[in-house]
Amino acid sequence: MEFETRTEGDVLRIDVLATRIDAACAIQFKDWMRDLCADCPERVVLDLQRVDFLDSSGLGAVVAAMKFLGNGRRLELAGLTPKVSKVFRLTRMDSVFTIHQSADDVCGSGSNVA
């Protein structure tokens, strides 16, 4: 699983470059998120615009990443494709996460990729 990360002001933006977050990569996703967010700002925006498929294991991995951040930091989502958005709506997780239309709306389009 590949990511691009950048810190833009007080926000860590994580762009998921994979098209799927499913059972085959959920553990790897959680491990990567744990590493990326070990010492991150208060806000983390996970850009899912390239993700076309998210199963229950993938959803669980995103929730685990949110829980890893703890109370002082928050995970926000952006760029959900229609299929991924439907998973969040059907599971009512859209009421748990702040979901933005686009990561650029939240973070701008800076280019200091880490």
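Structural data are supplied above this passage.
Residues numbered from 1 in each chain as written. Predicted model: local features only at pLDDT ≥ 70, side-chain atom pairs only at ≥ 80, totals over all residues. Heavy atoms only, no water.

1. With respect to the sheet that holds strand 6 (residues 74–78)
Keep this limit in mind: When DSSP finds two or more bridges between two strands, those strands count as paired. Secondary structure elements follow DSSP: runs of H or I no shorter than four residues count as helices, runs of E no shorter than two count as strands, and numbering proceeds from the N terminus. Between the N-to-C directions of two axes lies an angle of 0 to 180 degrees, each axis being a line fitted to C-alpha atoms and, for a helix, fitted only over the stretch in contact. Whether two residues touch is decided by their heavy atoms; if any such pair falls within 4.5 Å, the residues are in contact.
Here five strands make up an open sheet; going across it, the order is 1-2-4-6-7 and the pairing mixed. At either end of the open sheet lies a strand with only one pairing partner, and these are strand 1 (3–8) and strand 7 (98–100). The average angle at which neighbouring strand axes cross in this sheet is 25°, direction not considered. One ladder, built from five bridges, connects strand 2 (residues 11–16) with strand 4 (residues 43–47); its direction is parallel. Looking across to strand 4, one finds that Ile 14 is bridged to Leu 46. Across the sheet, helix 1 (residues 26–36) touches strand 1, strand 2, strand 4 and strand 6, and the angle it forms with strand 1 is around 25°.

2. Points about unusual backbone geometry
Note the cut-off: A 1.4 Å probe rolled over the protein chains alone gives each residue an accessible area, and that area as a share of the maximum for its type sets the label: buried under 20%, exposed over 50%, partly exposed in between.
The backbone phi angle of Arg 92 is positive, close to 60°, even though this residue is not glycine. Tracing the chain through its elements places Arg 92 in the loop between helix 3 (82–90) and strand 7. Classification of Arg 92 as exposed rests on a relative accessible area of 64%.

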